[in-house]
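Survey of secondary and tertiary structure
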Amino acid sequence: QAQLVESGGGLVQAGSSLRLSCASSGRSFSDYAMGWFRQAPGKEREFVAAISGSGSSTLYVNSVKGRFTISRDNAKNTVYLQMNSLKPEDTAVYYCAADRRRFRLVVARTQDDYDYWGQGTQVTVSS
């Protein structure tokens with residue numbers, strides 16, 4: 001089993017930056033890809049970014065490419081989401097998730113591919 005705890009959310013103005021962190025415990029962290037998802041009010045949860053276990057492969061939704069960067073520190077069992085140039089439409093609860101498959105070669109963007117989820121952290125971007 002894996003336990004995931006997100007932190008770093010908050011209220012910021014458009015154009016600002018935030019860095020989200022997700023600390024993992026209970027499973028061999030570096031063996032699994034990690035993903036970030038978000039859910040805005042009244043909308044379904046959507047994929048944001050994912051990173052392979054080694055950190056060598058990443059994937060982003062088009063709307064955040066060039067603004068968000070996913071990274072991981074396997075020594076600290078932590079995955080990060082650096083968010084720059086934030087927009088009001090980035091407002092959402094952000095969740096980190098752990099891949100259900102060990103040593104997946106191609107990072108996944110489908111929620112069903114992830115089996116452990118954090119509790120979420122709120123990001124609010126004002127205009």
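It should be noted that the structure appears before, not after, this text.
Now for a description of the structure that goes with this document. This structure is a prediction, so every number in the text was calculated from the model and none was measured. (Residues numbered from 1 in each chain as written. Predicted model: local features only at pLDDT ≥ 70, side-chain atom pairs only at ≥ 80, totals over all residues. Heavy atoms only, no water.)

Comments concerning the nonpolar core
Stated formally: The term nonpolar core refers to a set of buried residues drawn from Ala, Val, Leu, Ile, Met, Phe, Trp, Tyr and Cys, joined through side-chain atoms within 4.5 Å. For every residue, the accessible area (1.4 Å probe, protein chains only) is compared with the maximum for its type, and the residue is labelled buried under 20%, exposed over 50%, or partly exposed between those bounds. Only DSSP runs of H or I reaching four residues or more are called helices, and only runs of E reaching two or more are called strands; each is numbered from the N terminus. We call two residues in contact whenever any of their non-hydrogen atoms come within 4.5 Å of each other.
Counting 35 residues, the largest nonpolar core has W36, L81, M83 and Y94 as its most contacted members. Taken together, the elements giving at least two residues each to this core come down to β3 (18–25), β4 (32–39), β5 (46–51), β7 (68–73), β8 (78–83), β9 (92–102) and β11 (121–126). The contact partners of Y94, leaving out residues within four places of it in the chain, are E6, L20, W36, F37, R38, V48, F68, L81, M83, G120, T121 and V123.

A closer look at unusual backbone geometry
Phi at N77 takes a positive value of approximately 55°, unusual for a residue other than glycine. In this structure, N77 sits in the loop between β7 and β8. For N77, a relative accessible area of 28% corresponds to the partly exposed category. The backbone of S85 shows a phi angle near 50°, a positive value even though the residue is not glycine. Looking at the element boundaries, S85 is found in the loop between β8 and β9. Taking the relative accessible area as the measure of exposure, S85 reaches 41% and is therefore partly exposed.

Observations concerning the state of the cysteines
Applied cut-off: A pair of cysteine sulfur atoms is labelled a disulfide when the two atoms are within 2.5 Å.
For the structure on display, the rule yields one disulfide. Here C22 pairs with C96 through a disulfide, and the sulfurs are 1.9 Å apart. Linking C22 and C96, the disulfide has an S-S dihedral of approximately 45° and is accordingly described as right-handed. Pair noted here: C22 is in strand β3 and C96 is in strand β9, with a separation of 74 residues, a long-range link. Here C22 and C96 have matching classes, each one buried.

Thoughts on the side chain of T78
The following threshold applies: For the purposes of these results, a polar contact is taken to be a pair of N or O atoms within 3.5 Å, where, inside protein, one atom must be able to donate a hydrogen and its partner to accept one; residues adjacent in sequence count only when each atom of the pair is a side-chain atom.
The topology assignment puts T78 in strand β8. Of the residues examined, T78 reaches a relative accessible area of 10% and is grouped as buried. At 2.8 Å, the side chain of T78 and the backbone oxygen of K76 are in polar contact.

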